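# Summary of the model geometry
Take a look at the letters that make up each chain.
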Amino acid sequence: MSLVFVAPDYEGGRIVARTGQVEVGAVFPQRDGSAQWSFWLGQRSFTHVKERNVLTAKAALIGRFHDWLRFADLQTAQREA
């Protein structure tokens, strides 16, 4: 399984995270340069976590996705040697 980020429809819009055709989270750029992110696959809340910028928010969202894959006992697209 892999995670891809879909560009926003407009400048400053949310950056959607997808695995296949399923939206599993998003990064929300803020005017001050920071960003919030949310991961909702298998969770009940839509809590937003604030990060310094879009890149750190994307990295955090990827980390949460990988945590979920390990919890669900699934594999990522990248295989370890």
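Quick note: structure is the one above.
Definitions and limits used
Residues numbered from 1 in each chain as written. Predicted model: local features only at pLDDT ≥ 70, side-chain atom pairs only at ≥ 80, totals over all residues. Heavy atoms only, no water. Pairing = 2+ DSSP bridges. Helix = DSSP H or I, 4+ residues; strand = E, 2+ residues; numbered from the N terminus. Phe/Tyr/Trp six-rings, centres within 6.5 Å; stacked < 30°, edge-to-face > 60°. Buried < 20%, exposed > 50% of the residue type's maximum accessible area, 1.4 Å probe, protein only. Core = buried A, V, L, I, M, F, W, Y, C linked by side-chain atoms within 4.5 Å. Polar contact = N/O pair within 3.5 Å; in protein donor to acceptor, adjacent residues only side chain to side chain. Contact = heavy atoms within 4.5 Å. Salt bridge = Lys/Arg side-chain N within 4 Å of Asp/Glu carboxyl O.

Let's shift gears to the pairing of strand β3 (residues 22–29). For strand β2 (residues 15–19) and β3, the ladder comprises five bridges, and the chain directions are antiparallel. When the bridges of β3 are listed, Thr 19 appears paired with Val 22. In sequence, β2 turns back onto β3 through a hairpin of two residues, with Gly 20 there showing a positive phi of about 65°. Summarising the sheet, β3 and strand β4 (residues 35–39) pair through five bridges and their orientation is antiparallel. Paired with Ala 26 across the strands is Ser 38, a residue of β4. Hairpin connection between β3 and β4: a loop of five residues separates the two successive antiparallel strands, and Gly 33 in this loop has a positive phi of roughly 95°.

Going through the model one piece at a time under the given rule, you end up with one aromatic pair. Between Phe 39 and Phe 65 the ring centres are 6.5 Å apart and the planes differ by 65°, which places this aromatic pair in the edge-to-face class. Note that Phe 39 is positioned in strand β4 and Phe 65 in helix α1 (residues 54–71), a separation of 26 residues in sequence. Neither Phe 39 nor Phe 65 differs from the other in exposure class; each is buried.

If you look at the biggest cluster of nonpolar residues, it comprises twelve residues: Leu 3, Ile 15, Ala 17, Val 24, Val 27, Ala 35, Trp 37, Phe 39, Ala 57, Leu 61, Phe 65 and Leu 69. Those elements giving two or more residues to this core turn out to be β2, β3, β4 and α1. Counting residues per element, this core draws most heavily on α1, which supplies four residues.

This next bit is on the side chain of Thr 19. The topology assignment puts Thr 19 in strand β2. Take Thr 19: its relative accessible area is 11%, and that puts it in the buried class. Side-chain polar atoms of Thr 19 contact the backbone oxygen of Ser 2, separated by 3.0 Å. When neighbours within four sequence positions are excluded, Thr 19 is seen to be in contact with Met 1, Ser 2, Leu 3, Val 24 and Phe 65.

Before going further, it helps to spend a moment on the pattern of salt bridges. All chains considered together, the criterion is met by four salt bridges. For the salt bridge of Arg 18 with Glu 23, the shortest nitrogen-to-oxygen distance reads 3.7 Å. Connected via shared salt-bridge partners are Arg 14, Arg 18 and Glu 23.

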